[in-house]
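The residues making up each chain are set out below.
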Amino acid sequence: MTSRHIPLLDISYQQRQTLPDVVSDPYTLAVVDYDNHSVATEGSRILVGTPALAGSELVEIWRTRDIPESGTFESIHYRKTPDLLFGQIRLASDDEHIENTTRTIYQQISQLQQELSYTHMIRIWNYMPWITREDDEMERYQSFCVGRHQAIDTSRGFKEHLPAATAIGTHDDNILVYFIAAREDGIQIENPRQVSAFDYPAQYAPKSPAFSRAMVKQWGSQKHLYISGTASILGHETRHRDKLIEQLDECLNNVDVLVKEADRQADLGINDASGLTGIKLYLRQQDDLETVTSHLRKRIGDGPHVMVLLADICRTDLLLEVEGFWVGE
Ligand code: 3EB
């Protein structure tokens, strides 16, 4: 392989056994591993408090063409190359005021982006404790949305420049956020079957959830597609309350449409979820693992790598959520 073919950024889901080699490789940007608790580190490793369920013990690996340089800014540990910035931050969540902790996290991230000139947020993951618990008559996820909204730039046109995102519940005491930002913007994709989250009615969050449904990003000669956390939501309403398989089908219908929409706008050459490189499934109840994975494989075939993680979803009536990515030319 000539150097010109080494991708500027690559993502993959790999077997956990490869971890020692990957962690010591200087080209590794990030290794996302899963455990009972969330941990941010100064190195490439990050632990997300959504344990992997049996049979899907994979880790998420980010690899760059240039050796990343690492640094710390306030509470953020980051690694950067000339093209991109990867950051991880974990803060203890003040029980009563998840909104304040979220605002602090997002303010620090924004300052770092400005300071280092990677002003375009591309993809961001948010893991927070007890996401549906009520504090001060507001569910945690809603306070999170308020804190995030206060910290981000909401000047004119911001709704066309929102990152793909995931927001998931853990049983840890910390909020963990990791992200990838760039010098140049990606293409934001919305889902025609769903109201855009930033236009949701106030019942879901008093301040609009600031994320897009998917993002296409050109990294050098390659394109990446990032599908946000996608649930069994049509319009803005939960569908198939407490019905497992129906919810999975609805999620995948949403993902199929997002892939088609991304292909239409950015010519990816894939047209549904079966074309994705990797899919993460967040599952509320461990007992549902077998039912859900066998149905998932029926729908998507053997192509995509799949990991299943035990996690809480942001609405109490949702049993699962799906995210995904694709890497290609
Ligand atoms: C939804 O569609 C499900 O607030 O960053 C999914 C992905 C969800 C990201 C976020 C929330 C977020 O509303 C929840």
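Structure shown above.
Here the structure is a predicted model, which is why all the values come from computation and not from measurement.

So, how was this worked out
Residues numbered from 1 in each chain as written. Predicted model: local features only at pLDDT ≥ 70, side-chain atom pairs only at ≥ 80, totals over all residues. Heavy atoms only, no water. Helix = DSSP H or I, 4+ residues; strand = E, 2+ residues; numbered from the N terminus. Rg over C-alpha atoms; globule rule 2.2 N^0.38 Å. Buried < 20%, exposed > 50% of the residue type's maximum accessible area, 1.4 Å probe, protein only. Contact = heavy atoms within 4.5 Å. Areas by Shrake-Rupley, 256 points an atom, 1.4 Å probe, with all protein chains shown as cover. Lys, Arg positive; Asp, Glu negative; His and termini not counted. Charge placed at Lys NZ, Arg CZ, Asp CG, Glu CD. Salt bridge = Lys/Arg side-chain N within 4 Å of Asp/Glu carboxyl O.

**Q** What's the story with the overall build of the chain in this structure? I'm lost.
**A** In terms of helices and strands, the chain carries five helices and 21 strands. Over its C-alpha atoms the chain spans a radius of gyration of 18 Å, differing by no more than 12% from the 20 Å that the globule rule assigns to 329 residues. The C-alpha extent of the chain, read off along each of the three principal axes, is 50 × 45 × 40 Å. The buried share of the chain, taken over its 329 residues, is 58%. Of the contacts made within the chain by residues no fewer than 6 positions apart, 76% connect residues no fewer than 24 positions apart. By element, 44% of the accessible surface of the chain is carried by carbon and sulfur atoms, the whole surface being about 13,500 Å². The distance from the centre of the 32 positive side-chain charges to the centre of the 49 negative ones in the chain is 4 Å.

**Q** Before we go on, may I ask you to explain the pattern of salt bridges in this structure?
**A** Tallied over the full model, the rule gives 17 salt bridges. For Glu323, the salt bridge is made with Arg123, and the minimal N-O distance between the two is 3.4 Å. Placement of Glu323 in strand S21 (residues 320-328) and of Arg123 in strand S9 (residues 120-129) is noted, with a sequence separation of 200 residues between them. When its relative accessible area of 1% is taken as the criterion, Arg123 is described as buried. One salt bridge connects Glu323 with Lys280, and the closest N-O pair in it is separated by 3.2 Å. Of this pair, Glu323 sits in strand S21 while Lys280 is found in strand S19 (residues 278-283), placing the two residues 43 residues apart along the sequence. We classify Lys280 as buried; its relative accessible area is 0%.

In short, geometric facts, not functional conclusions.
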